[in-house]
Amino acid sequence: MIHLPHKASRLYPLVGSLRLSLKVLILVCDCAGAAALVWLLNTVALIPYRRAKDSHWTERARALYPARVAASLAIWLLPADLALGQHLAWPELTPHWALVVLAGWIGVVAGTYPFDREVWPWLAPGAWLHQVFASWLIRFAVWFVFLGTVALMPEELDWRCWLLASLFVGLFLAWCWGGLLWVGRKLGVLGPAPERLRRVVADVAGRMGVPVRGVWLLEYAGSFAFALPYTGDLAFSGRLLQRFPDEEVAAICAHELGHLAESKLTVNTRVFANLAWLAPWLFLKPLVHAFDVSAIGAIALASLLMMFGTRWFSRRLEERADRIAHTNEGEAGTYARALARLYEDNLIPAVLPRRRTHPDLYDRLLAVGVQPDFPRPARPSSWAVHSMLLLVLFGILIGLTFARLSP
């Protein structure tokens, strides 16, 4: 047996402490560096928007759109680029990749605050922080569970795979049929609707003969309303109530009631369609183990086809809801005014770069018989320069990581 000198053995705790301190310092630098970088990138991306401040709102929205897309992508891409780059450059010194991603994400979200304040200047810091925290939990709760299920999947396609997939489907259905409302109430994002809103909804629902289970006030920075066809609930943001008169709130309510009036077959199809393009990815690990990387291409193709089908289906339902709102708008032109005000207040382009679940505002106005008081705007760009650079860098780092891991 070899006995180490006593002084040398005392150095090991010191070395371990120094390594831990270094990793903590790296995480702090990751957070601060990500915040500074995303602030700089967003500031540059907002230059066209600032130049258009005296233009028509459609032009301001068109100038803002690529900066918005870039800011959203940076929240995902920058932490991933940070983790991949550090583990390629300093694999021994870098903290665990999950900690790097978390530190980078916190920094990116903090660095995005000036961007959000410029777009929504009325948003106070406390309200912004609460909105960010709650929206991430609500919007991405299903994704967190989904990614966790993918990670837990065994490599062999056996009963464990089907059990995990069944658990995910069960949680997804529970989320649709009440889980979203429960979480929203617990987080303080959804609260009781004021008397004015309940009165408007009751009046419109009574005229249309559509039952409503519950009406909620949504804490959100923009003007927003949505329906939950699965539970029969409606939610309206406080800013929408502040900015819109009762007749326009009623017109928007008629659109959302159009969704609550969907048949059970349509509602169940919504759920199936959303599950159908997610479910194949649950079996990514066992399929790759069985069929090599070619399985990724097959899953991606199947998922892409289902996603396009889901988007087409949702678009038809939105067009139907627009027709219902137009029929039940009361005074002619009320729904068109409410739609235009929604897009203007949220600075959503009147024409978007590609087909979405909702038709473009310009086409929606024409469909309800109103000629917009502005010419058809050009489609905005989908990309800012720095978002393309972050995406290209992500692809390069993924390629280098696979090259290092391959024999």
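A few words on the side chain of E329. On the secondary structure map, E329 appears in the loop between α13 (294-327) and α14 (334-346). Despite being buried, E329 has no salt bridge partner; R337 is the closest side chain of opposite charge, sitting 7.3 Å away. Of note is the side chain of E329, whose polar atom sits 2.9 Å from the backbone nitrogen of Y335. Here E329 is in contact with T334, Y335 and A336, once residues within four sequence places are set aside.

Turning to the sheet that holds strand β1 (residues 190-192), a few remarks are in order. On the basis of which strands lie adjacent, the open sheet formed by four strands has the order β1-β2-β4-β3 and mixed pairing. The open sheet has two edge strands with one neighbour each: β1 and β3 (225-228). Across the sheet, the mean angle separating the axes of adjacent strands is 30° when strand polarity is ignored. As defined by bridge partners, β3 adjoins strand β4 (residues 233-237) across four bridges and the pair is classed as antiparallel. Within β4, the residue paired with A225 across the bridge is F236. Along the sheet, helix α10 (residues 246-260) makes contact with β3 and β4, crossing β4 at roughly 145°.

Right, let's get into the pairing of β3. Neither face of β3 is exposed, since A225 and A227 on one face and F226 and L228 on the opposite face are all buried. Hairpin remark: β3 followed by β4, antiparallel, with four residues in the connecting loop; positive phi at G232, about 85°.

As a further point, take the nonpolar core. Core analysis: the largest hydrophobic core is formed by 67 residues, its most contacted members being F236, L240 and L257. The greatest single-element share of this core, amounting to nine residues, is contributed by helix α3 (residues 57-89). Dropping the residues within four chain positions of it, L240 is found in contact with S223, F224, A225, V249, I252 and L342. Judged by nonpolar contacts, the second largest core, of 32 residues, contains C176, W216, L275 and L282.

Further remarks concern the packing of aromatic side chains. Taken as a whole, this structure holds 14 aromatic pairs when the rule is applied. Geometrically, the ring pair formed by W57 and F374 is edge-to-face, given 6.0 Å between the ring centres and 75° between the ring planes. Here W57 is found in helix α3, whereas its partner F374 is found in the loop between α15 (361-367) and α16 (385-405), with 317 residues between them in sequence. Exposure class is identical for W57 and F374. Each is buried. Cation over ring: R239 sits above W122, and NZ or CZ is 3.5 Å from the ring centre. Sitting above the plane of the F244 ring, R341 keeps its charged end 5.4 Å from the centroid.

Let us look at the pairing of strand β2 (residues 214-218). Taking burial as the measure, the five residues of β2 include four buried ones, the bulk of the element. Sheet topology note: the β1/β2 ladder contains three bridges and is antiparallel. Across the sheet, the residue bridging to P192 is W216, located in β2. Bridge analysis of β2 against β4 gives five bridges, and the strand direction is parallel.

Here is what the cut-offs are and how they apply
Residues numbered from 1 in each chain as written. Predicted model: local features only at pLDDT ≥ 70, side-chain atom pairs only at ≥ 80, totals over all residues. Heavy atoms only, no water. Helix = DSSP H or I, 4+ residues; strand = E, 2+ residues; numbered from the N terminus. Buried < 20%, exposed > 50% of the residue type's maximum accessible area, 1.4 Å probe, protein only. Lys, Arg positive; Asp, Glu negative; His and termini not counted. Salt bridge = Lys/Arg side-chain N within 4 Å of Asp/Glu carboxyl O. Polar contact = N/O pair within 3.5 Å; in protein donor to acceptor, adjacent residues only side chain to side chain. Contact = heavy atoms within 4.5 Å. Pairing = 2+ DSSP bridges. Axes fitted to C-alpha atoms, helices over the stretch in contact; angles between N-to-C directions. Core = buried A, V, L, I, M, F, W, Y, C linked by side-chain atoms within 4.5 Å. Phe/Tyr/Trp six-rings, centres within 6.5 Å; stacked < 30°, edge-to-face > 60°. Lys NZ or Arg CZ within 6 Å of the ring centre and 35° of its normal.

Keep in mind these values describe shape, not function.
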